[in-house]
Each structure stands twice: as C-alpha cells, then as structure tokens.
Amino acid sequence: EYSIYTIPGEAEWTVILNKSKANWDKDDYKIEDDVARFTVKPTTLTNAVESFTIDFSTFTNDGANLELSWEKTKISIPIKVYTNDAVMASIKKNILDGPSANDYRRAAQYYLQEEKELETALEWINIAIEKKDDAFWYVHNKAEILAKLGKNKDAIKAAEKSMEMAKVYKDGDFGYIKRNEELIAKMKAK
C-alpha cells in the first residue's frame, strides 16, 4: 500500500509513490518515505471526466498502465512486472530440473490427507525418498501411506527405519521418534 502524489506541469507531471499511508495533506508528506519518483506526459481528453478516476488499461503479459483521469487531463503510468523471469524460473524448476523431492512429498501428503489415489501417493513418496534419502520424515510419510493402504507390516518396517534415521540425525528428531513409535503401536494393535 502506498500514497500517490503528483506534481502537475504543462509538459510533464512528476508522480511520487510514498510508503506512508497516513498522509492526509501535503503537510504530512515526507520525502524520505518516497519509494519511487518519475515523470510522465499528460494527455488532453476530448470528453471531460467528472469524477477523479483511477483505472488500468493496456494489459500485456508484462504489465499494464495505471491511468489517472480528471476533468480533461489523463496521465498514464506504465507498470512493469517480470513475467518472463518468473515463467523462465518456473520452467527451469519444473520442466528442465524436474520436480524437487519436496514437491513429490507435498503431493504425496496431499493425496494421503485427502485419502485419494494412495498408490500414486506411495509412488511419489518413494521418488521423494530416492531424491532425498536422509529425510527420515519422508520415510515416516511413507509409513503413514502404507498404513492407510492396509499394508501394516510394510508400514511398521518404514516407521522403524524412519525412527532409526531420526535417532542419529544431528539436528534432532523433530518429534518423529514419538510419531513413529505411535504409528508402530497402532499397526501392531491391528
């Protein structure tokens, strides 16, 4: 959120974006709160705009124009976004480099939580474990999926493996020893 100021001129206007939102008049304005300051050329409108109007126009993949109109004057402020950079980074991450271990884990967890396509969730968590074989929390997720599939012996084996990995993890077990113990007890009770 920003305050916007303009300094009108005949040939060009100065537009100021200011980070303070508490400005009610020019006396509240502080130059040190400016985020951006630039100039634009005003255009004369053939039809008068009765009420001060803020609008957007000229949409493209990488921007739009913010238009301020009032009476017979309009200024257009070009706004640029870095769509190409974001898309290229996404392509690199998702297509060229492929999904990360955590991408597979999150997908598997979602399927587990929604209790849908658990065999697919198992495939994805196995890929995640292959990509990050020291992540005992991934192995615990595998145990949960196996348990939900009714593969209790395999679930117990995975939980035991996760627990052993968690015991030797230098940064702590993050509560996974207890989680695995509880899952193992639950599976053995069945």
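The rules behind these values
Residues numbered from 1 in each chain as written. Predicted model: local features only at pLDDT ≥ 70, side-chain atom pairs only at ≥ 80, totals over all residues. Heavy atoms only, no water. Helix = DSSP H or I, 4+ residues; strand = E, 2+ residues; numbered from the N terminus. Buried < 20%, exposed > 50% of the residue type's maximum accessible area, 1.4 Å probe, protein only. Salt bridge = Lys/Arg side-chain N within 4 Å of Asp/Glu carboxyl O. Expected span 1.5 Å × (residues − 1). Contact = heavy atoms within 4.5 Å. Lys, Arg positive; Asp, Glu negative; His and termini not counted. Core = buried A, V, L, I, M, F, W, Y, C linked by side-chain atoms within 4.5 Å.

(A) Main features of unusual backbone geometry. Phi angles above zero are rare outside glycine, and Thr 58 is one such case at about 50 degrees. Relative to the helices and strands, Thr 58 is located in strand S4 (residues 43-60). The exposed category is assigned to Thr 58, whose relative accessible area is 52%. One non-glycine residue, Phe 174, lies in the positive phi region at around 55 degrees. By secondary structure assignment, the location of Phe 174 is in the loop between helix H5 (152-167) and helix H6 (176-189).

(B) Representation of the pattern of salt bridges within the structure. On inspection of all chains with the given rule, the structure shows 10 salt bridges. When the shortest N-O distance is used, the salt bridge between Arg 37 and Asp 34 registers 3.2 Å. A salt bridge links Glu 119 to Lys 151, with the shortest nitrogen-to-oxygen separation between them at 3.5 Å. On the criterion of sequence distance, the pair formed by Glu 119 in helix H3 (residues 118-131) and Lys 151 in the loop between helix H4 (136-148) and H5 is long-range, its members being 32 residues apart. What makes Glu 119 partly exposed here is its relative accessible area of 41%.

(C) Main features of H5. The terminal C-alpha atoms of H5 lie 22 Å apart, and with 16 residues this matches the ideal 22 Å at 1.5 Å per residue to within 8%. Next to the buried residues of H5 lie H4 and H6.

(D) Focus on the side chain of Asp 33. The topology assignment puts Asp 33 in the loop between strand S2 (13-18) and strand S3 (34-40). Although Asp 33 is buried, it makes no salt bridge; Lys 19 carries the closest opposite charge, 4.4 Å away. Excluding its chain neighbours within four sequence positions, the residues that come into contact with Asp 33 are Leu 17, Asn 18, Lys 19 and Ser 20.

(E) Quick look at the nonpolar core. Core analysis: the biggest nonpolar cluster contains 31 residues, and Ile 125, Phe 136, Trp 137, Tyr 138, Ile 145, Leu 183 and Met 187 have the highest contact counts within it. Elements supplying a minimum of two residues to this core: helix H2 (101-114), H3, H4, H5 and H6. No other element matches H4, which puts 8 residues into this core. When sequence neighbours within four positions are dropped, the list of residues in contact with Tyr 138 reads Ala 101, Asn 102, Arg 105, Ile 125, Ala 128, Ile 129 and Lys 132. If you look at the next biggest cluster of nonpolar residues, it comprises 7 residues, including Val 40, Leu 66, Leu 68 and Ile 77.

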